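Report on the structure
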Amino acid sequence: MTTGNEHRPVLIVGAGAAGLALGNFLLRERIPCVVFERRGREYVERRQRAGVIDTRATRVFRKRGLEDRVVGGIPIKPTLGFRVDGQPRPLTLSVEEHREGRLCPQQVLVRNLITAFEEDGGDLRFGTEVSVEDIGERPRVRLGDGSIVEIAGCDGNHGASRAAIADDRITRHSHEYGYAWLVVLADVPATHQTVMAIHRRGFAAQFARGPRASRFYLQCPLEDTTEDWPDERIWSELETRFGEPLATRGAIVEKQLLPLRGEVLSPMSHGRLHLLGDAAHIVPPMSAKGMNLALYDADAFADALIRYYKEGDTGQLDAYSDDRLREVWNYQAFATWFTDTVHDAGDPSHRGEFRHRVARADLDRLYSSATANRLLSEFVAGLT
């Protein structure tokens, strides 16, 4: 069946994981699309971001016949490398849920998605500003011929897609955690896949970012600046919270302060404009769900567009926002609980000794209860 939609391209704003995944999914179904990205190609391909593709996201790429082409990295070990009060306390998760997950830096996934999209004849335009117009209930983008198209807003929380929606037609639900992470990229090979320290001085972590680099995180007050954290203080504080010396102290390439917060924008659809990924929701990085939720969005939106373009059925497209918000809130609940637990279990100065002891009880249950461990495993894998 043809519907008259087949020659009207989908406009994808933003060449991050969500936008590029969606573009690849549509190309596989011969649905025309154009990806616009305001940044240059070099910036997009080098931008450092999260590095875990969970089991569900891996299955999304397999479903589209793209797993072998775009999902790189090494299998995820079903272990969270906690150190509690300076002592190793690894937490083994249920193995079955994690067999298909991969440790893959986001820039590697993005480069692979770009390559696949271009090899399959996709139209990808870097360094291009796009104007999304707000015309009441039907935001639109005008192409050169004046046509109005379906729009996938994948350009983040401060992008043109979100800015096109009048504030009185969207609700912002937000939560501030009350502390920040100092995020440090350093030329330091990781000796373990992950190290996460729960310590009374605050949370700390090290995650591999390729064979010769690591991303470090240090919990710190919101009012801190990068100038408060010279290199020597960073290394010293990491060793204190880890409870052991670092094997290597390499060059620090980048420092930034990241206030931890969660956010959900509702609805995710406005006429022909549909929000995906960070344009619609933000979860704290502790949950490792930001990129994966964006990929779930791309999968769901691709299914809706395929139904619309091939059968003329708008049912899934109309339900996109409600369906996605139910799942987004589910993972916000997980992200909030997990983030609070690992921070409160270490640092009692933020929310008090009562919350500290409650968080320790929550943490201990993950080791002693198979049911609690299984639920955490399913959330981490994206399967609940």
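The structure we're discussing is the one just above.
A brief look at the structure comes next. Since the model is a prediction, treat every value here as computed from it, not as a measurement. (Residues numbered from 1 in each chain as written. Predicted model: local features only at pLDDT ≥ 70, side-chain atom pairs only at ≥ 80, totals over all residues. Heavy atoms only, no water.)

1. Focus on the overall build of the protein chain
If you tally the helices and strands in the protein chain, you get eleven helices and 21 strands. Computed over its C-alpha atoms, the radius of gyration of the protein chain comes to 21 Å, within 12% of the 21 Å expected for a compact globule of 384 residues. Taken over the C-alpha atoms alone, the protein chain extends approximately 65 × 40 × 40 Å along its principal axes. The buried share of the protein chain, reckoned over its 384 residues, is 54%. (Helix = DSSP H or I, 4+ residues; strand = E, 2+ residues; numbered from the N terminus. Rg over C-alpha atoms; globule rule 2.2 N^0.38 Å. Buried < 20%, exposed > 50% of the residue type's maximum accessible area, 1.4 Å probe, protein only.)

2. Things to note about the pattern of salt bridges
This model, assessed by the stated rule, comprises 41 salt bridges. Here Glu237 ties to Arg241 by a salt bridge, and the two come within 2.9 Å at their closest N and O atoms. You can see Glu237 and its partner Arg241 sitting in helix H7 (residues 231–242), four residues apart, about one turn around the helix. By the burial criterion, Glu237 is buried, and Arg241 matches it. Across the pair Arg249 and Glu239 runs a salt bridge whose closest N-O atoms are separated by 3.0 Å. Of this pair, Arg249 sits in the loop between H7 and strand E18 (252–266) while Glu239 is found in helix H7, placing the two residues ten residues apart along the sequence. We classify Arg249 as partly exposed; its relative accessible area is 38%. Residues participating in the shared-partner salt-bridge network are Arg56, Asp297, Arg324 and Glu327. (Salt bridge = Lys/Arg side-chain N within 4 Å of Asp/Glu carboxyl O.)

3. Describing the nonpolar core
Counting residues in each nonpolar core, the largest one holds 98 residues, and the members touching the most others are Ile12, Leu22, Leu26, Phe61, Phe82, Leu109 and Leu276. In contact with Leu109, other than residues within four places in its own chain, are Ala17, Ile53, Phe61, Val70, Cys104, Met291 and Leu295. (Core = buried A, V, L, I, M, F, W, Y, C linked by side-chain atoms within 4.5 Å. Contact = heavy atoms within 4.5 Å.)

4. Re the packing of aromatic side chains
Evaluation of the coordinates by the stated rule reveals 13 aromatic pairs. Where Tyr177 meets Tyr179, the ring centres are 6.4 Å apart and the plane angle is 50°; that geometry is what we call tilted. For the pair Tyr177 and Tyr179, one class covers both residues: buried. Ring geometry for Trp337 against Phe338: centres 5.9 Å apart, planes inclined by 25°, an arrangement best described as stacked. In this structure Phe338 comes out as buried when scored by relative accessible area, which is 4%. Taken together, the aromatic side chains of Tyr296, Tyr331, Phe334, Trp337, Phe338 and Phe379 make up a single cluster linked through ring pairs. Above the plane of the ring of Phe25 lies Arg64, whose end atom (NZ or CZ) is 4.9 Å from the centre. (Phe/Tyr/Trp six-rings, centres within 6.5 Å; stacked < 30°, edge-to-face > 60°. Lys NZ or Arg CZ within 6 Å of the ring centre and 35° of its normal.)

5. Some words on the sheet that holds strand E10 (residues 123–126)
Taken in spatial order, the six strands make up an open sheet running E10-E2-E1-E13-E20-E19, and their pairing is mixed. The two strands at the open ends of the sheet, each matched to only one other strand, are E10 and strand E19 (269–270). In the sheet, E19 pairs with strand E20 (residues 273–275) via two bridges, with the strands oriented antiparallel. Bridge pairing links His270 to Leu273 in E20. (Pairing = 2+ DSSP bridges.)

6. Observations concerning helix H1 (residues 17–28)
Between its first and last C-alpha atoms H1 spans 17 Å; for twelve residues at 1.5 Å apiece the expected length is 16 Å, and the two agree. In terms of burial, H1 is a largely internal element, ten of the twelve residues being buried. Residues of H1 that are buried: Ala17, Ala18, Gly19, Leu20, Ala21, Leu22, Gly23, Asn24, Phe25 and Leu26. After H1 finishes, the residue Arg30 shows a positive phi value of roughly 60°. (Expected span 1.5 Å × (residues − 1).)

7. Description of the layout of surface pockets
Taken as a whole, the second largest pocket spans an internal volume of roughly 240 Å³. The wall of the second largest pocket is formed by 14 residues, among which Gly81, Pro90, His192, Thr194 and Val195 lie closest to the centre. Put simply, the parts of the chain that give the lining of the second largest pocket at least two residues each are strand E5 (79–80), strand E6 (82–84) and strand E15 (194–198). The residue inventory of the lining of the second largest pocket, partitioned by class, reads five nonpolar, five polar and four charged. (1 Å grid on protein atoms, 1.4 Å probe; cavity = no way out; pocket = protein on both sides within 12 Å on 5 of 7 lines; lining within 4 Å. Points joined across faces, edges and corners; volume = space filled by probe spheres on them. Nonpolar A, V, L, I, M, F, W, Y, C, P; charged D, E, K, R; others polar.)

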